[in-house]
Amino acid sequence: MASLKEVRGRIVSVSSTQQITKAMKMVSAAKLRRATDAIVQMRPYAEKLREVLSNLSGSVESSEGGVYSDVRPAKKILIIAITSNRGLCGAFNANIIRTINKLLADKYNAQYLAGNVKVLSIGRKAAEYFSKNSELSVGNRNTLFADLTFANTEVVAEEVMKAFREGEYDRVELVYNQFKNAVVQILQVEQLLPVAQAKKEAKTLAADYIFEPSKEEIVLELIPKSVKIQLYKAILDSHASEHGARMTAMSKATDNAQELIKALKLKYNKARQAAITKEILEIVGGAEALNG
């Protein structure tokens, strides 16, 4: 059995760890509130923009959808991995990396073996993992989280759009965690480029709308904006999911520390009682020996 000093030292150590996890939980909760506000405000705009674009592009010929709607044979692939810059958030980052590895092994195995798959990392954890393979990694944009604004995200989106436009990639995929609540994050794999065209419906519109400028011009204007918004929304989703995952992980760690402290205190009390009992027995034994 461990000595009283060792058990007491462990209790102090676990209590210190518990204070840290509790503080991290509170910090993540505060950050989660701000991150949640950002994604909640963004979603209606992003969904409405996608709806408008879907309705318009459904009535426009695919050839008039612009270069970003150009569907080519998927020979060269870019995967954008959105993780966090820091750990201690459970399986948040590991799930992204595992999903990308599954894409490389299954969906894009032929392209991967041919060296035609690249990974752009947004978040230090993905960058650290994929930078080990120089042929796979195409760089990182980890500084985005230092100042997460649409203007900074737009720069990254324009780089990706330019690469797609110039034929460097035939398809661009997003892999990220979509925020549902503090406990649940939904892993998403979305096609960023080419922009999917809506299927034409046979039904006619109830009203005859007049478009100014033409529908084709509006579509060509909205598609680049939609791509940028989709990337920005994915990063905001991931940012909120990160804080939710970290808050949940730190909450569980705090609870586990409390259970461990209880077990150690019980062990300490048992050891202390055993030591006291031993001392009493020794005293009683000594007294009996003197009397004898």
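This text follows the structure it describes.
On a predicted model such as this, the values are computed, not experimentally measured, just so you know. (Residues numbered from 1 in each chain as written. Predicted model: local features only at pLDDT ≥ 70, side-chain atom pairs only at ≥ 80, totals over all residues. Heavy atoms only, no water.)

Draft legend 1. Structural view of the packing of aromatic side chains. Taken as a whole and judged by the stated rule, the model has two aromatic pairs. Ring geometry for Tyr 129 against Phe 130: centres 5.0 Å apart, planes inclined by 85°, an arrangement best described as edge-to-face. Its relative accessible area of 34% is what places Tyr 129 among the partly exposed residues. Residue classification places Phe 130 among the buried positions, given a relative accessible area of 2%. (Phe/Tyr/Trp six-rings, centres within 6.5 Å; stacked < 30°, edge-to-face > 60°. Buried < 20%, exposed > 50% of the residue type's maximum accessible area, 1.4 Å probe, protein only.)

Draft legend 2. Summary view of the pattern of salt bridges. Tallied over the entire structure, the rule returns 10 salt bridges. Across the pair Asp 70 and Arg 72 runs a salt bridge whose closest N-O atoms are separated by 3.6 Å. Between Asp 237 and Lys 233 there is a salt bridge; the shortest N-O distance is 3.3 Å. Here Lys 233 and Asp 237 lie together in helix α6 (residues 215–291), a separation of four residues that amounts to about one turn. (Salt bridge = Lys/Arg side-chain N within 4 Å of Asp/Glu carboxyl O. Helix = DSSP H or I, 4+ residues; strand = E, 2+ residues; numbered from the N terminus.)

Draft legend 3. Inspection of the side chain of Glu 190 at higher detail. Here Glu 190 is to be found in strand β5 (residues 185–193). The exposure class of Glu 190 is buried, given its relative accessible area of 16%. Within polar-contact distance, the side chain of Glu 190 engages the side chain of Tyr 176 at 2.7 Å. Non-local contacts of Glu 190, meaning those with residues more than four positions away in its chain, are made with Arg 50, Val 172, Glu 173, Leu 174, Tyr 176 and Gln 230. (Polar contact = N/O pair within 3.5 Å; in protein donor to acceptor, adjacent residues only side chain to side chain. Contact = heavy atoms within 4.5 Å.)

Draft legend 4. Local environment of the sheet that holds strand β1 (residues 77–82). Read across the open sheet, the five strands follow the order β3-β2-β1-β4-β5; overall the sheet is mixed. Looking at the sheet topology across the chains shown, the edges are occupied by β3 (137–140) and β5. In this sheet, adjacent strand axes meet at a mean angle of 20° when their direction is disregarded. Summarising the sheet, β1 and strand β4 (residues 171–179) pair through five bridges and their orientation is parallel. Following the sheet pairing, Ala 81 is matched in β4 by Val 175. (Pairing = 2+ DSSP bridges. Axes fitted to C-alpha atoms, helices over the stretch in contact; angles between N-to-C directions.)

Draft legend 5. View of the pairing of strand β2 (residues 117–122). Counted residue by residue, β2 has five buried out of six residues, so it is predominantly covered. The sheet contact formed by β1 and β2 spans six bridges and is parallel. The residue of β2 that forms the bridge with Ile 80 is Leu 120. In the sheet, β2 pairs with β3 via two bridges, with the strands oriented parallel. Pairing of Val 119 across the sheet is with Ser 137, part of β3. What joins β2 to β3 is helix α4 (residues 124–130), and the crossover it makes is right-handed. (Right-handed = clockwise from strand over helix to strand, strands pointing away.)

Draft legend 6. Expanded view of helix α5 (residues 150–165). An ideal rise of 1.5 Å per residue puts 22 Å on 16 residues; α5 measures up with 21 Å between its terminal C-alpha atoms. Of the surrounding secondary structure, the elements contacted by the buried residues of α5 are β1, β2, β4, β5 and α6. In the stretch just after α5, Gly 167 is the one whose phi turns positive, near 85°. (Expected span 1.5 Å × (residues − 1).)

The quantities given are spatial measurements derived from coordinates; they are silent on function.
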